[in-house]
Amino acid sequence: MTSALRSPSPTLSILSGGSNPSSSFYVGSQLVDNAVRSYYGGEYDKALKSFATALKTQQLTLGEEDIVVAHTLGNIGCVYIAMGMLDEAMQVLQECLSIKMKLRSDSSARLPPGCEAVILTDTLNNLGSTSFLRGDFIDAMSYYQSCLQELTEGPTPGSKREIADVLYNIGNVHCLLNELDDALMAMAESLQLTQVTLADGKEEPQAAEVMEKIGAIYFTQNKLDDAMTAFLEALTITKTALGSEHVDCAVSAYNL
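Residues numbered from 1 in each chain as written. Predicted model: local features only at pLDDT ≥ 70, side-chain atom pairs only at ≥ 80, totals over all residues. Heavy atoms only, no water.

(A) Examining the overall build of the protein chain more closely. Each helix and strand counted, the protein chain has eleven helices and zero strands in total. Counting from the amino terminus, helix and strand elements in the protein chain follow one another as α-α-α-α-α-α-α-α-α-α-α. Buried positions account for 46% of the 256 residues belonging to the protein chain. Residue pairs in contact within the protein chain that sit at least 24 positions apart in sequence constitute 60% of those at least 6 positions apart. Of the accessible surface of the protein chain, which amounts to about 12,800 Å², a share of 50% is contributed by carbon and sulfur atoms. (Helix = DSSP H or I, 4+ residues; strand = E, 2+ residues; numbered from the N terminus. Buried < 20%, exposed > 50% of the residue type's maximum accessible area, 1.4 Å probe, protein only. Contact = heavy atoms within 4.5 Å. Areas by Shrake-Rupley, 256 points an atom, 1.4 Å probe, with all protein chains shown as cover.)

(B) Focus on the packing of aromatic side chains. Per the counting criterion, the structure on display carries three aromatic pairs. Centre to centre, the rings of Tyr 39 and Tyr 40 are 5.1 Å apart; their planes meet at 85°, and the pair counts as edge-to-face. Overall, the relative accessible area of 10% leaves Tyr 39 in the buried class. Using a relative accessible area of 54% as the deciding quantity, one classes Tyr 40 as exposed. These aromatic residues form a ring-pair network of at least three members: Tyr 39, Tyr 40 and Tyr 44. (Phe/Tyr/Trp six-rings, centres within 6.5 Å; stacked < 30°, edge-to-face > 60°.)

(C) Spotlight on the packing of helix H5 (residues 121-134) against helix H6 (residues 137-153). The contact between H5 and H6 brings their axes to 8 Å, and the two run at 160°. The angle between H5 and H6 falls in the class roughly antiparallel. Regarding H5 and H6, the two cross each other, and that crossing is left-handed. On the side of H5, the interface is formed by Thr 121, Leu 124, Asn 125, Leu 127, Gly 128, Ser 129, Ser 131 and Phe 132, while H6 contributes Phe 137, Asp 139, Ala 140, Tyr 143, Tyr 144, Ser 146, Cys 147, Glu 150 and Leu 151. Along the lines of polarity and charge, the residues of the contact of H5 with H6 split into nine nonpolar, six polar and two charged. (Axes fitted to C-alpha atoms, helices over the stretch in contact; angles between N-to-C directions. Parallel < 35°, antiparallel > 145°, perpendicular 65-115°, else oblique. Left-handed = near helix turned anticlockwise from the far one by under 90°. Nonpolar A, V, L, I, M, F, W, Y, C, P; charged D, E, K, R; others polar.)

(D) Seen up close, unusual backbone geometry. The phi torsion at Asn 178 lies on the positive side, around 60°, for a residue other than glycine. Inspection of the secondary structure puts Asn 178 in the loop between helix H7 (160-176) and helix H8 (180-196). Taking relative accessible area as the criterion, Asn 178 reaches 58% and is therefore assigned exposed. The phi angle at Asn 222 is positive, at roughly 65°, despite the residue not being glycine. Its place among the elements puts Asn 222 in the loop between helix H9 (205-220) and helix H10 (224-242).

(E) Main features of the environment of Ile 170. Checked against the element boundaries, Ile 170 lands in helix H7. Taking the C-alpha atoms as reference points, Ile 170 and Tyr 144, 26 residues apart in sequence, are found 6.3 Å from one another. Non-local contacts of Ile 170, meaning those with residues more than four positions away in its chain, are made with Met 141, Tyr 144, Gln 145, Leu 148 and Ala 186.

(F) Quick look at the nonpolar core. The biggest cluster of nonpolar side chains holds 46 residues, and the ones touching the most others in it are Phe 51, Leu 73, Ile 76, Tyr 144, Val 166 and Ile 170. Of all the secondary structure elements, the ones that give two or more residues to this core are helix H1 (29-40), helix H2 (44-62), helix H3 (67-82), helix H4 (86-105), H5, H6 and H7. Counting residues in each nonpolar core, the second largest holds 16 residues, with Tyr 168, Ala 183, Leu 191 and Ile 214 among its members. (Core = buried A, V, L, I, M, F, W, Y, C linked by side-chain atoms within 4.5 Å.)

(G) Quick peek at the pattern of salt bridges. The tally for this structure, following the rule as stated, stands at five salt bridges. Where Asp 122 meets Lys 100, a salt bridge forms, and the shortest distance between an N and an O atom there is 3.0 Å. Of the two residues, Asp 122 is situated in helix H5 and Lys 100 in helix H4; the sequence distance between them amounts to 22 residues. Accessibility expressed as a relative area gives 15% for Asp 122, which makes it buried. We note a salt bridge from Arg 134 to Asp 136, for which the minimum N-O separation is 3.8 Å. In this structure Arg 134 comes out as partly exposed when scored by relative accessible area, which is 36%. (Salt bridge = Lys/Arg side-chain N within 4 Å of Asp/Glu carboxyl O.)

(H) How the structure looks around the confidence of the model for the protein chain. On average, the protein chain scores 84 in pLDDT, and the residues at 70 or more come to 79%. Taken together, the stretch residues 1-7 has pLDDT below 50 and engages in 24 contacts with residues farther than four places along the chain or on a different chain. A low-confidence stretch, residues 16-24 stays under pLDDT 50, and its non-local contacts, those more than four residues away or across chains, total 20 contacts. (pLDDT = per-residue confidence, 0-100.)

Now the structure itself:
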């Protein structure tokens, strides 16, 4: 039976207001734009260099504790994650989170145009991903749960898809901690939210992925009938979403 965990992916912060000279997002914006393109093009060394140069410019112009500086630190953390430099990622992401929390607690802090609130969810998610990849599962759980709290109770409510993704990651960590009942609950909630977001009954691979994980949990608990039902449902979703000849159907069929 296949039961490999999906490694959480870092979330890059794409800022608005960079084309507006009156916004502090404009500071170093060309360098940031270049870094973002390099990142998504897989040129991580080039992205890191551009982000680092932008960061120096922003710190000199705006000070050490500005929201733009925090966002760039967060983006540098994403690059470090992609490069496998997890200790470096943890350091800059924690610095990013510290700045954001100070700004949020300061009622006199003024945010630039294009930034309506200090958002912590991307940074918390990336800290969770970094901890997960380092094997620090207790820390990963703490960050993911804080991220979930922000998405559900924070100043800017998250989408159902964002909440579903964090619940999936929480379920993964519960699996690794052998907390299978808690893992099953998180995965079931993730699946429900994923299905709610689908229009006109359309199926998609992400729902199948969650169902595969639910099947794997049941299998580990020796609930074989429930596992079989989940794996069959995952196969049905995959066939509907991708076609019966898609390679992912072979994975689902193998579990049966």
